[in-house]
Amino acid sequence: MPPQDEHRQPLLHSSDPEEEAAYDAAEKVHIVCAGDDPAASGTPSSGGAPPFSWRKLWLFTGPGFLMSIAFLDPGNLEGDLQAGAIAGYSLLWLLMWATAMGLLVQLLSARLGVATGRHLAELCRDEYPTWARMVLWVMAELALIGADIQEVIGSAIAIKILSNGVLPLWSGVVITAADCFIFLLLENYGVRKLEAFFAFLIATMAMSFAWMFADAKPSGTELLLGMLIPKLSSRTIKQAVGVVGCIIMPHNVFLHSALVQSREIDHNQKGRVQEALRYYSIESTAALVISFIINLFVTTVFAKGFYGTPVATSIGLVNAGQYLQEKYGGGFFPILYIWGIGLLAAGQSSTITGTYAGQFIMGGFLNLRLKKWMRALITRSCAIVPTMIVALVFDTEETLDVLNEWLNVLQSIQIPFALIPLLYLVSREQIMGSFKIGPVLKIVSWLVAALVIVINGYLLLDFFSNEVTSIMFGTVVSGFTAAYVAFILYLVSRGLTFSSWRNVVRSKKVTATES
């Protein structure tokens, strides 16, 4: 590939009408406000961003809150309650820093989508050879299906709680499956209506878990100490790994790079791109601060009620409501139902965003131009069919816990296949133009990615060391592990090879100039 001009602008929207796009032009939110001076927008060479506007911040607000739902899905809530019950307040500092790491990854994802006008799956389709992008697509789909099963099961558990057990788990799955049609209905009314619906669900979670927090009355002093003083022991290491491991959701990295394209941005004006990045950074940060507070509520409620008790290690998503009811009683409105409402909002919102992510992943990797209802139906079927089987077969507390462990492993395996391509692409000047990340941010991002991958590697090692009990199973796991590590090394080496090649080209240009 020939070297490009150092001031090359980011890759623009494809002019090919046959290429899949995240949003059609008619679906995008128009950003330019009354009183905007086009001359102040900046040009590719001058780069001045327009002044800050609260109205524009409001117009850009939305994608970050949809992204934040992955930080509040039933899998994360289960990690929160188990961390609180087993480790008390001692892992709150880790929850805070894990959320900060998640924010960094999501800001890079948004940066990629805004600067290029394309999302991660589309760019992977162009940047990797066919065999590699097909592996990446399969891995992304598997991660999405694993997350979706957890989310649908979480919704089904909530429906079972709110119906006093009248509706079994499988019927809750069927009800939750219908959410894709709610999604399609809302999408027909425009992006802003869809975002408003998710804002309502997030507000429902916030109010439900804040109510629980007020009922439980956790210690404010211990809460602050838990956030400010790092503590870690061998007894809580598994919960600590779980807190970090469930923050980075592979499908969410793909999702955010597509969501930011719902706003109409003139990519020919550098100032407009800078403006969009500024507003998206603000709203994404605000969204994840809110998600952190909600996770904090859940963790502290279970820390106050169950830390140090005999039942601490046996609490999971299935029985959490019953334990809460036994501990805190009925009150004006039974805490069991408050928990059920919050869990239902978490499950419903995350399953709908999962459907959204599935459309972008499938459309981006395969360049499929299907009607939205068809893509949503295909995406939803991929998750609902295995989830229905799960609901019928794993309809007991013990089997659901075992299933959840396997699903966590499935998603942990996929994390490198979203993070490494993202970091590779945002570092490339040929893709990002002047918006590529600088050396300091690049080092920090790779360190965060390495930390997350190592932590999830520990989870996998711990899990399989307990599960591998036969030579045949061990041989199969070893074979898959070898292929898995080889593909990760390929993805890393591709980025390093590109960086080395780029440095050589620049050195030659400098030498030629000096001579």
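See the structure shown above.
For every chain, the first residue of the written sequence is number 1, and numbering continues from 1 along that sequence. Predicted model: local features are reported for residues with pLDDT of at least 70 only, side-chain atom pairs are reported and counted for 80 or more only, and whole-chain, interface and lining totals are derived from all residues. The side-chain numbers reported here are obtained from all heavy atoms of the structure, hydrogens and water having been left aside.

J.: Explain unusual backbone geometry to me, using residue names and the numbers behind them.
T.: The backbone phi angle of asparagine 164 is positive, close to 60 degrees, even though this residue is not glycine. If you trace the backbone, asparagine 164 turns up in the loop between helix 6 (130-162) and helix 7 (169-177). With a relative accessible area of 57%, asparagine 164 lands in the exposed category. One non-glycine residue, lysine 217, lies in the positive phi region at around 55 degrees. Secondary structure elements are taken from DSSP: a helix is a run of H or I of four residues or more, a strand is a run of E of two residues or more, and numbering for both begins at the N terminus. Mapped onto the elements, lysine 217 comes out in the loop between helix 9 (191-216) and helix 10 (220-228). With a relative accessible area of 59%, lysine 217 lands in the exposed category. Partly exposed residues are those whose accessible area sits between 20% and 50% of the maximum for their type, while under 20% is buried and over 50% is exposed, using a 1.4 Å probe and protein chains only.

J.: Could you give me a rundown of the pattern of salt bridges, with the residues and numbers involved?
T.: One speaks of a salt bridge when a side-chain nitrogen belonging to Lys or Arg is within 4 Å of a carboxyl oxygen belonging to Asp or Glu. Taken as a whole and judged by the stated rule, the model has eight salt bridges. Among the salt bridges present, the one from lysine 56 reaches glutamate 275, with a minimum N-O distance of 2.7 Å. Of the two residues, lysine 56 sits in helix 1 (residues 54-60) while glutamate 275 sits in helix 13 (residues 270-306), which places them 219 residues apart along the sequence. We note that lysine 56, like glutamate 275, is buried. Here arginine 263 makes a salt bridge to glutamate 195, at a shortest N to O gap of 2.7 Å. With a gap of 68 residues between them, arginine 263 in the loop between helix 12 (250-259) and helix 13 and glutamate 195 in helix 9 connect regions that are remote in the sequence. Three or more residues joined by partner-sharing salt bridges are found here, namely Lys56, Arg272 and Glu275.

J.: Account for the side chain of serine 257, with residues named and values stated.
T.: Along the chain, serine 257 falls in helix 12. For serine 257, a relative accessible area of 0% translates into the label buried. Any N or O atom pair separated by 3.5 Å or less is treated as a polar contact, with the protein-specific requirement of one donor-capable and one acceptor-capable atom, and with residues adjacent in sequence counted only for side-chain atom pairs. Here the side chain of serine 257 touches leucine 120 through a polar contact of 3.0 Å, landing on its backbone nitrogen. Polar side-chain contacts of serine 257 include one of 2.8 Å to the backbone oxygen of phenylalanine 254.

J.: An account of the packing of aromatic side chains is needed here, citing residue identities and associated values.
T.: For Phe, Tyr and Trp, where Trp contributes only its six-membered ring, two rings pair if their centres lie within 6.5 Å, and the inter-plane angle classes them as stacked under 30 degrees, edge-to-face over 60, or tilted in between. Under the counting rule described, the total for this entry stands at 18 aromatic pairs. When the centroid spacing of 5.0 Å and the interplanar angle of 90 degrees are considered together, the rings of phenylalanine 52 and tryptophan 54 count as edge-to-face. Residue classification places tryptophan 54 among the exposed residues on the basis of a relative accessible area of 67%. Measuring from ring centre to ring centre gives 5.8 Å for phenylalanine 209 and tryptophan 339, while their planes differ by 55 degrees; the resulting arrangement is tilted. Placement of phenylalanine 209 in helix 9 and of tryptophan 339 in helix 15 (residues 335-366) is noted, with a sequence separation of 130 residues between them. Relative accessible area serves as the criterion here: at 1%, phenylalanine 209 is assigned to the buried category. Taken together, the ring pairs in this structure connect Phe52, Trp54, Phe60, Tyr279 and Tyr280 into an aromatic cluster. The criterion for a charge sitting over a ring is simple: Lys NZ or Arg CZ within 6 Å of the ring centre, and within 35 degrees of the ring normal. Lying over the aromatic face of tyrosine 279, arginine 278 brings its terminal NZ or CZ to 5.2 Å of the ring centre.

J.: Describe the nonpolar core, naming the residues involved and giving the relevant values.
T.: Counting 147 residues, the largest nonpolar core has Leu112, Phe209, Met212, Phe302, Trp339, Tyr356 and Phe365 as its most contacted members. At 16 residues, the largest contribution of residues to this core is made by helix 13. Sequence-distant contacts of methionine 212, that is, excluding residues within four places in its chain, are made with Val301, Phe302, Leu324, Ile335, Ile338 and Trp339. Side-chain atoms within 4.5 Å link the members of a nonpolar core, which is a set of buried Ala, Val, Leu, Ile, Met, Phe, Trp, Tyr and Cys residues. In what follows, a contact means two residues having at least one pair of non-hydrogen atoms within 4.5 Å.

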